[in-house]
Amino acid sequence: AVVSTQSTGIHEYTGCSIEISQFWTALQNGCILCELMNNAEKKFAHSNKDIYKYIGFTPKQDLGDQLFYVRLNVETFVRWCKNFGCETSLLCEVGDLVERKDLERTLSCIHAVARRVAELRLPYPKAVRLEVKYHMSYNQIIELFNEDNEELTPYQIGIKESFAELCEILGLGKIDITQPLEANREVWMQSLKGMWVGERQRSVSP
């Protein structure tokens, strides 16, 4: 569910299409993250009637097999996250993505950008709309699914219902809010097979 929501958020901000099952491969060279970086920077500059300054990075077609430039792209993105005001405790290291040392940490970093965008009152992705609406972190919302509905208030149950609606909008199918999210894993795995966020890219025949 997290990968799907982050893919949607990235697509909303960059227009980049992502095949969910290839999410990490798509992000690993840092190019899509740098597109996200520049689009967020552009929206921030425009909102402040300031001049937008493009932040350079090495595009995919120029990367070749040079790992140095891949690492530099991701390093540029992480450094920008710090300068943009993202919560530093949520940010990742270059190796977390490039060497896939800690992909969960990488997701946390991408989500930190979405949260910061919302804090700056810029157009923000679906990934953080529930957090903004309910003044709760994503993890706090997820924790509600570990509680029995009989022990929750109607307001808290409503939050779970909103999360379930978001999952359905994202194409993850219906989830049972009376069960822990883990119980929906098989349904999600089936839903995510072959799923694209954005326009499906077709392989070109030789």
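Residues numbered from 1 in each chain as written. Predicted model: local features only at pLDDT ≥ 70, side-chain atom pairs only at ≥ 80, totals over all residues. Heavy atoms only, no water.

J.: Any chance you could explain the overall build of the chain here in plain terms?
T.: Within the chain one finds 10 helices and two strands. Mapped from its N terminus to its C terminus, the chain presents α and β elements in the order α-β-α-α-α-α-α-α-α-α-α-β. At 18 Å, the chain has a C-alpha radius of gyration in line with the 17 Å of a compact globule built from 206 residues. The principal-axis extents of the C-alpha atoms in the chain amount to approximately 55 × 45 × 30 Å. (Helix = DSSP H or I, 4+ residues; strand = E, 2+ residues; numbered from the N terminus. Rg over C-alpha atoms; globule rule 2.2 N^0.38 Å.)

J.: Help me understand unusual backbone geometry, please; the structure alone is not making it clear to me.
T.: Most peptide bonds adopt trans geometry, and most residues besides glycine take a negative phi value. For Arg 100, which is not a glycine, the phi torsion comes out positive at approximately 55°. With a relative accessible area of 37%, Arg 100 lands in the partly exposed category. Backbone geometry places His 135, a non-glycine residue, at a positive phi of 55°. If you trace the backbone, His 135 turns up in the loop between helix 7 (129–134) and helix 8 (138–143). (Buried < 20%, exposed > 50% of the residue type's maximum accessible area, 1.4 Å probe, protein only.)

J.: What exactly am I supposed to notice about helix 9 (residues 154–169) here?
T.: Helical periodicity: at 3.6 residues per turn, an α-helix aligns residues three or four positions apart in one direction. The end-to-end C-alpha separation of helix 9 is 22 Å, in line with the 22 Å expected for 16 residues at 1.5 Å each. Residues Ile 157, Gly 158, Ile 159, Lys 160, Ser 162, Phe 163, Ala 164, Leu 166 and Cys 167 constitute the buried set of helix 9. Just past helix 9, the residue Gly 171 takes up positive phi, approximately 85°. (Expected span 1.5 Å × (residues − 1).)

J.: I keep staring at the nonpolar core and nothing clicks. Help me out?
T.: Soluble globular proteins tend to pack their nonpolar side chains together in the buried interior. Membership of the largest hydrophobic core comes to 37 residues, with the highest contact counts inside it found for Ile 10, Phe 23, Leu 27, Phe 77, Trp 80, Cys 81 and Val 113. Of all the secondary structure elements, the ones that give two or more residues to this core are helix 1 (2–14), helix 2 (23–27), helix 3 (31–47), helix 4 (67–84), helix 5 (94–98) and helix 6 (103–119). By size, the runner-up hydrophobic cluster in this structure holds 21 residues, among which are Phe 145, Leu 152, Leu 172 and Ile 175. (Core = buried A, V, L, I, M, F, W, Y, C linked by side-chain atoms within 4.5 Å.)

J.: Looking at this structure, I do not really get the environment of Lys 43. What am I missing?
T.: Within the secondary structure, Lys 43 is located in helix 3. Look at Lys 43 and you get partly exposed, because its relative accessible area is 30%. Considering only alpha carbons, one finds Lys 43 and Glu 199, 156 residues apart in sequence, at a separation of 23 Å. If sequence neighbours within four positions are ignored, Lys 43 has contacts with Tyr 13 and Leu 122. (Contact = heavy atoms within 4.5 Å.)

J.: Help me understand the packing of helix 3 against helix 4, please; the structure alone is not making it clear to me.
T.: Two packed helices can be described by the angle between their axes and the distance between those axes. Two elements in contact, helix 3 and helix 4, have axes whose closest approach is 8 Å; the angle formed by their N-to-C orientations is 30°. Compared by their axis directions, helix 3 and helix 4 come out roughly parallel. The element helix 3 and its partner helix 4 pack so that their crossing is left-handed. In contact with Cys 31, Leu 33, Cys 34, Leu 36, Met 37, Ala 40, Glu 41 and Phe 44 of helix 3, helix 4 contributes Asn 73, Thr 76, Phe 77, Trp 80 and Phe 84. Residue composition of the contact of helix 3 with helix 4, grouped by class: 10 nonpolar, two polar and one charged. (Axes fitted to C-alpha atoms, helices over the stretch in contact; angles between N-to-C directions. Parallel < 35°, antiparallel > 145°, perpendicular 65-115°, else oblique. Left-handed = near helix turned anticlockwise from the far one by under 90°. Nonpolar A, V, L, I, M, F, W, Y, C, P; charged D, E, K, R; others polar.)

J.: How do you make sense of empty space enclosed by the protein when you look at a structure like this?
T.: By rolling a water-sized probe across the atoms, one finds the places where empty space is left. One pass over the structure, following the stated rule, counts two cavities of 30 Å³ or more. Reported here for the largest cavity is a volume of approximately 80 Å³. If you trace the largest cavity, you find it lined by Gln 6, Gly 9, Ile 10, Tyr 13, Leu 36, Ala 40, Ile 110, Val 113, Ala 114, Val 117 and Pro 125. Breaking the lining of the largest cavity down by element, the ones donating at least two residues are helix 1, helix 3 and helix 6. Lys 126, Ala 127, Leu 130, Glu 131, Tyr 138, Ile 141, Phe 163 and Leu 166 are the residues that line the second largest cavity. For the lining of the second largest cavity, the elements supplying multiple residues, two or more each, are helix 7, helix 8 and helix 9. Its residues placed into classes, the lining of the second largest cavity shows six nonpolar, no polar and two charged. (1 Å grid on protein atoms, 1.4 Å probe; cavity = no way out; pocket = protein on both sides within 12 Å on 5 of 7 lines; lining within 4 Å. Points joined across faces, edges and corners; volume = space filled by probe spheres on them.)

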